[in-house]
Amino acid sequence: MVRVGILTCSDKGARGEREDLSAQEARKLLPVNVFRVENYAIVPDTREAITDLLVAWCDQDRLDLILTTGGTGLSPRDVTPEATRGVIEREVPGMAEAMRAASLLKTPHAMLSRGVAGIRGQTLIVNLPGSPKGVRENLEVVLPALPHALEKIKGSPAECGSA
Ligand SMILES: Nc1nc2c(c(=O)[nH]1)N[C@H]1C(S)=C(S)[C@@H](COP(=O)(O)OP(=O)(O)OC[C@H]3O[C@@H](n4cnc5c(N)ncnc54)[C@H](O)[C@@H]3O)O[C@H]1N2
Ligand SMILES: O=P(O)(O)OP(=O)(O)O
């Protein structure tokens, strides 16, 4: 099973002022026969809070995959990409490129998400936008590539010529 953490980055969510529909949307999209959500948290949009959780979930809990939602845009408090860049060791730019390219076919606002994807240790971190719709439209794009990506991160020697 792929061990997953969902981290919602939202000031309103952290203050209890808005139901976290975005994390619920992410959960719905992850097939239960492959993915098990083990960690879940809501943090305010501060770089420190996001960084602390990402590091703990990667280094202590050793999750396979962390999906963040929210805080990827242009507002002054949107710092999820900066926090993520600060903890990853290798970026996976193709994932963010693919999400933005596919999302642009749905809304021009897709270009406003600065989300990144990258690897810390053996954990893949993927930033998703904040709205439930943004979560769905972005996660759908990377979902088919996630099992193979996670195998490669773990050092699978399997050849991928036919993948
Ligand atoms: N494929 C898509 N890509 C993007 C979309 C989209 O609809 N489809 N939206 C674009 C927009 S618009 C923006 S702006 C950027 C960046 O978004 P952020 O990551 O900065 O999102 P936030 O500002 O944190 O949230 C936006 C909006 O979404 C609602 N929201 C946020 N968090 C939650 C939550 N946990 N539960 C329910 N609703 C939530 C709320 O109305 C916020 O104001 O992304 C583009 N990409
Ligand atoms: O409260 P947040 O952080 O979810 O942000 P927004 O202002 O986009 O609702």
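Report follows, based on the coordinates. These numbers come from a predicted model, not from an experiment.

1. Quick look at the site of ligand 2
Right, so step 1: Close to ligand 2 lie Ser10, Asp11, Lys12, Arg18 and Asp45, which account for all nearby residues.
Right, so step 2: Contact between ligand 2 and Asp11: an oxygen atom at 2.7 Å from a main-chain N or O atom of the residue.
Right, so step 3: In the model, an oxygen atom of ligand 2 is placed 2.5 Å from a nitrogen or oxygen of the Asp45 side chain.
Right, so step 4: Its residues placed into classes, the shell around ligand 2 shows no nonpolar, 1 polar and 4 charged.

2. Describing the sheet that holds strand β6 (residues 123-128)
Right, so step 1: Here we have 6 strands laid out as an open sheet, ordered β2-β1-β3-β6-β5-β4, and mixed in their pairing. What marks the edges here is a single partner per strand, and that holds for β2 (35-43) and β4 (90-91).
Right, so step 2: By the bridge criterion, 4 bridges tie strand β5 (residues 117-120) to β6 in an arrangement that is antiparallel. Bridged to Ile119 within β6 is Leu124.

3. As for the site of ligand 1
Right, so step 1: Taken together, 24 residues lie around ligand 1, and Asp20, Thr72, Gly73, Ser103 and Glu137 are the ones closest in.
Right, so step 2: Interatomic distance of 3.1 Å between a backbone N/O atom of Leu21 and a nitrogen atom of ligand 1.
Right, so step 3: Here an oxygen atom of ligand 1 and a backbone polar atom of Ser131 are 3.4 Å apart.
Right, so step 4: Among the elements of the structure, α2 (21-29) and α6 (132-142) are those that each provide at least two residues to the shell around ligand 1.
Right, so step 5: Here the element with the most residues in the shell around ligand 1 is α6; it accounts for 5 residues.
Right, so step 6: Its residues placed into classes, the shell around ligand 1 shows 4 nonpolar, 14 polar and 6 charged.

Rules of the game
- Residues numbered from 1 in each chain as written.
- Chains lettered and ligands numbered in written order.
- Predicted model: local features only at pLDDT ≥ 70, side-chain atom pairs only at ≥ 80, totals over all residues.
- Heavy atoms only, no water.
- Near = heavy atom within 4 Å.
- Polar contact = N/O pair within 3.5 Å; in protein donor to acceptor, adjacent residues only side chain to side chain.
- Nonpolar A, V, L, I, M, F, W, Y, C, P; charged D, E, K, R; others polar.
- Pairing = 2+ DSSP bridges.
- Helix = DSSP H or I, 4+ residues; strand = E, 2+ residues; numbered from the N terminus.

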